[in-house]
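These are the residues of each chain, in order.
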Amino acid sequence: MTTSLIVLGAIALLIGFIWITYNKLITLRMRVKEAWADIDVQLKKRYDLLPDLIETARKATAVDEDILTKVTKLRSSAMEDATKGKSVEERGKIENQISNAMRSIKIQVEAYPDIKSHGELNNLMEKVTDIEEKIAYARRFYNGNILSYNTQLSSFQLS
Amino acid sequence: MKTIYDQIAENKRKTLLISVFFILIISLLGYVLGAIYTYDGGISIMIVAMIFSSISALITYFVSDKAVLAISDARKVNAKESPLVYSILENLCIGAGLKEIPALYVINDSAPNAFATGRDPSHSAIAVTTGLLNKLDKREIEGVLAHELSHIRNYDIRLMTFVIILVGTISIIGNIMFRRSIFRDDKNSGGMFLIFGLIFAIITPILAKLIQLAMSRNREFLADASAALLTRDPEGLASALEKISMDQNELHSAEPTTAYLYIEDPIKKKKGMFGGSSIWQTHPPIQERIKRLRSM
C-alpha cells in the first residue's frame, strides 16, 4: 500500500514541477513579446521623427544626399515590415541599418560648419540622440528578458 | 573576476543568509524569554514589542517618502523644469521595464548626494541635490540615478523597513529584559540565569543593529551591481562615486535615521570617519564599491 502511495506522490510532484516550469516558460515568453512591443513603441517614434529630419538636413545641405535617400528607403521598408508583421530578426536587421545611418548623419551634421546657428536642425538632432538612447535601453530590457527565457528553456530541456 | 550576474546572485544569497540569521536570533531571544519569565509569559512581551515596533515602522513605511522629502526640503520637478535629468530617468525606466516613472525631486544643497524612497515602484520618488547635478556629468548622473532606481526595483526600502521593525522589536525586548533583570528579585530564575539574561539583553540589540547595518551594506553593493547592469556602464557610477567621496561639502538636511537611503553616507563627514572599513557604517567603503564596479 505504502509503495503505491509513494509512487503516486512522486508522480504528483513530477506533474506539479512540470506544470510550474511550463507556466514559468509561458510567462517569460510573454515578457519577451512585451519587451519587443516596448522597442516597437520607440521605433515608431523614430519613424515619425525621420521625415522632418531628412527634409531639414536636405535644405541645410548638411548631409550627403545618398545617405538621406538611403534612410528614406530604409524607413519605408521598415514600416512595411512592421505592418506585414515580420519577425523580430528581420525587422531587427533593417532597424540596425537605420541606426547605423543615423550615426553617419549625426557625424556629418556635427561636422557641418554652421550647425550652432541652425536651431531647427540642432533641435532635431537632440531628439534623434534621445530616441537612439531610448531604443538602446529598450533593447537592453528586451535582451535581458530573452536571456531569462533562454536560460529557463535550456535548463528545462536538460532536465 | 566576478561577472555582474554572479555579484547579483551572491548578494541575494547574502541577504537570505542575513535574514535567516536574524530569525534565529529572534527565536533564541524568544526561547530565553520563555525560560526566564515563564510565569510572566515571555511571549506576550514579544508580541507587545513587535506591535509597538510594527506600528511605528508601518507609519514610517507609508509616510516615509513624503516625510523624508519634507525634511530634506525637496522640491518636486517635472519634465519641463529639468528636461535633462528627467529624460535620463525616463530612459532608465525603459531599460528596467518600469512603466511608472518615480517622482523626481531636487534638493537645494551643494553637497552631491541622492536618495530613493517609496515602498514599491508605483509609490516611489528619487531626490537629487543641486550639488550633484552641477558637479557630475551626464554619464555619472545616469549611474547615480540607475543606483537609486535599482534600490526601488529591488524593493530595498521595503526590506530595510522590515529589518528596522525587527531591530526595533529586539531593542525593546532587550530593554524590557534589562530593566526587569535589575529591578526584579525573581525567585523563578537563579543568579546565573539572571546574569545570562542581562548579558543577552544588552548584546542582542547591538547584534541586531550590526545585522541591520550588514544588510544595508549588502543592498548597497547590490544596487551598484544592478545599476551597472542597467546602464551597461559601470564606469559612470564609479567615477560619480569618486567625485562624491572627494567632495568636502556636508549635506545640511541629513538625519542618521535616514542615512541608509542616500547613495553615500551623508553623516560620515560630521563624525570625521574616513570611509574606512567599519561594521558600524550603513554604506560600504567607497573605495571598495569603486573597485568592484571597475572590475565588472
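Every value quoted in this text rests on a predicted model; they were computed, and no experiment measured them. (Residues numbered from 1 in each chain as written. Chains lettered and ligands numbered in written order. Predicted model: local features only at pLDDT ≥ 70, side-chain atom pairs only at ≥ 80, totals over all residues.)

Participant: Where do I start with the overall build of chain A in this structure?
Facilitator: Check the secondary structure of chain A and you find 4 helices and 0 strands. Once the C-alpha set of chain A is aligned to its principal axes, its extents read approximately 90 × 30 × 20 Å. Here chain A, with 159 residues, has 21% of them falling under the buried criterion. Taking the contacts inside chain A whose residues are at least 6 apart along the sequence as the reference set, 73% of them involve residues at least 24 apart. (Helix = DSSP H or I, 4+ residues; strand = E, 2+ residues; numbered from the N terminus. Buried ≥ 20, exposed ≤ 12 C-beta atoms within 10 Å, placed from the backbone. Contact = placed C-beta atoms within 7 Å.)

Participant: Quick question: what am I supposed to make of the overall build of chain B here?
Facilitator: A tally of helices and strands in chain B yields 10 helices and 4 strands. Along the chain direction, N to C, the helices and strands of chain B fall in the order α-α-β-α-β-β-β-α-α-α-α-α-α-α. When the 296 residues of chain B are sorted by exposure, 42% land in the buried category. Of the contacts made within chain B by residues no fewer than 6 positions apart, 72% connect residues no fewer than 24 positions apart.

Participant: Would you take a moment to explain the sheet that holds strand E1 (residues 74-77) of chain B for this structure?
Facilitator: Where strands meet in a sheet, backbone hydrogen bonds hold them as pairs that are either parallel or antiparallel. All names here are of chain B. Read from one edge to the other, the open sheet built from 4 strands follows the order E1-E2-E4-E3, with strand pairing classed as mixed. Where the open sheet ends on each side, the last strands, each with one partner, are E1 and strand E3 (114-118). Mean inter-strand twist for the sheet, computed between neighbouring axes without regard to direction, equals 30°. The sheet contacts of helix H5 (residues 138-153) involve E3 and strand E4 (124-129), and relative to E3 the element is tilted by about 20°. (Pairing = 2+ DSSP bridges. Axes fitted to C-alpha atoms, helices over the stretch in contact; angles between N-to-C directions.)

Participant: What's the story with helix H8 (residues 234-246) of chain B in this structure? I'm lost.
Facilitator: Each turn of an α-helix holds 3.6 residues, which means side chains three or four residues apart point in the same direction. For H8(B), built from 13 residues, the straight-helix expectation of 18 Å at 1.5 Å per residue is met to within 8% by its first-to-last C-alpha distance of 19 Å. Of the positions making up H8(B), those classed as buried are B:Pro234, B:Gly236, B:Leu237, B:Ala238, B:Ala240, B:Leu241 and B:Ile244. (Expected span 1.5 Å × (residues − 1).)

Participant: In this structure, what is going on with the nonpolar core? I would like to understand it.
Facilitator: Side chains of nonpolar character tend, in soluble globular proteins, to be buried together. Judged by nonpolar contacts, the single largest core of 52 residues is most densely connected at B:Leu92, B:Ala114, B:Ile126, B:Ala127, B:Val144, B:Leu145 and B:Leu237. No other element matches helix H7 (residues 191-231) of chain B, which puts 8 residues into this core. Counting 16 residues, the second largest nonpolar core, distinct from the first, contains A:Leu53, A:Leu68, A:Leu121 and A:Met125. (Core = buried A, V, L, I, M, F, W, Y, C linked by C-beta atoms within 7 Å.)

Participant: Hey, could you run me through the pairing of E4(B) in this one?
Facilitator: All names here are of chain B. Across the 6 residues of E4, 6 count as buried, placing the element largely inside the fold. In E4, alternate side chains face the same way, and those of Ser124, Ile126 and Val128 on one face and Ala125, Ala127 and Thr129 on the other are all buried. Taken together, the 5 bridges between strand E2 (residues 103-107) and E4 define a ladder with parallel strand orientation. Bridged to tyrosine 105 within E4 is alanine 127. Sheet topology note: the E3/E4 ladder contains 5 bridges and is antiparallel. Across the sheet, the residue bridging to alanine 116 is isoleucine 126, located in E4.

Participant: Would you mind showing me how to read the interface of chain B and chain A here?
Facilitator: Much of the literature gives interface size as the accessible area that the parts lose upon coming together. Between chain B and chain A, the residue contacts involve 7 residues of the former and 9 residues of the latter. Split by residue class, the side of chain B that touches chain A holds 2 nonpolar, 4 polar and 1 charged. (Nonpolar A, V, L, I, M, F, W, Y, C, P; charged D, E, K, R; others polar.)

Participant: Which parts of the structure should I look at to understand unusual backbone geometry?
Facilitator: Residue and element names in this part refer to chain B. Even without a glycine there, the phi angle at tyrosine 155 is positive, about 55°. Structurally, the position occupied by tyrosine 155 is in the loop between H5 and helix H6 (156-183). Unusually for a residue other than glycine, arginine 232 sits at a positive phi of about 55°. If you trace the backbone, arginine 232 turns up in the loop between H7 and H8. Of the residues examined, arginine 232 has 14 C-beta atoms within 10 Å and is grouped as partly exposed.

Participant: Please explain the packing of H5(B) against H8(B) as it appears in this structure.
Facilitator: Residue and element names in this part refer to chain B. One way to put it is that H5 packs onto H8 with a least axis distance of 7 Å and a crossing angle of 95°. Relative to H8, the element H5 is oriented roughly perpendicular. Counted together, Arg139, Glu140, Glu142, Gly143, Val144, Ala146 and His147 of H5 and Gly236, Leu237, Ser239, Ala240 and Lys243 of H8 form the full contact between these two elements. (Parallel < 35°, antiparallel > 145°, perpendicular 65-115°, else oblique.)

Participant: What's the story with the packing of helix H1 (residues 2-59) of chain A against helix H2 (residues 65-84) of chain A in this structure? I'm lost.
Facilitator: Packed helices, taken two at a time, are described by the angle their axes make and the gap between the axes. All names here are of chain A. As a packed pair, H1 and H2 sit with axes 10 Å apart at the nearest point and diverge in direction by 165°. Taken together, H1 and H2 sit at an angle that is classed as roughly antiparallel. Handedness of the crossing formed by H1 with H2: left-handed. Contacts between H1 and H2 pair Tyr47, Leu50, Ile54, Ala57 and Arg58 from the former with Leu68, Val71, Thr72, Arg75 and Met79 from the latter. (Left-handed = near helix turned anticlockwise from the far one by under 90°.)

Participant: Mind showing me how you'd approach helix H3 (residues 88-111) of chain A here?
Facilitator: With 24 residues, H3(A) should reach 34 Å at 1.5 Å per residue; the first-to-last C-alpha distance of 34 Å fits that figure. All of the buried residues along H3(A) are A:Arg91, A:Glu95, A:Ile98, A:Ala101, A:Met102, A:Ile105 and A:Val109.

Participant: I tried to follow the environment of B:Glu250 on my own but got confused; where do I start?
Facilitator: Looking at the secondary structure, you find B:Glu250 in the loop between H8 and helix H9 (268-271). Along the primary structure B:Glu250 and B:Asp109 are separated by 141 residues, whereas in three dimensions their C-alpha atoms are 8.8 Å apart.

Participant: Would you take a moment to explain the confidence of the model for chain B for this structure?
Facilitator: Atomic detail in the predicted coordinates should be set aside for any region of low pLDDT. Residues of chain B with pLDDT of at least 70 account for 76%, and the chain-wide mean is 78. Low pLDDT (under 50) marks residues 269-276 of chain B, which in the prediction has 10 contacts with non-local residues, meaning those over four places away or in another chain. (pLDDT = per-residue confidence, 0-100.)

Participant: Teacher, can you tell me more about the environment of A:Ala82 here?
Facilitator: As for its position among the elements, A:Ala82 is in helix H2. Through-space distance from the C-alpha of A:Ala82 to that of A:Lys44 is 9.4 Å; in sequence the pair is 38 residues apart.

Participant: Any chance you could explain the confidence of the model for chain A here in plain terms?
Facilitator: For chain A, per-residue confidence averages 87 on the pLDDT scale, and residues scoring 70 or more make up 97% of the total. For chain A, helix H4 (residues 119-158) of chain A is the element with the lowest average pLDDT, namely 86, and H1(A) is the one with the highest, namely 89.

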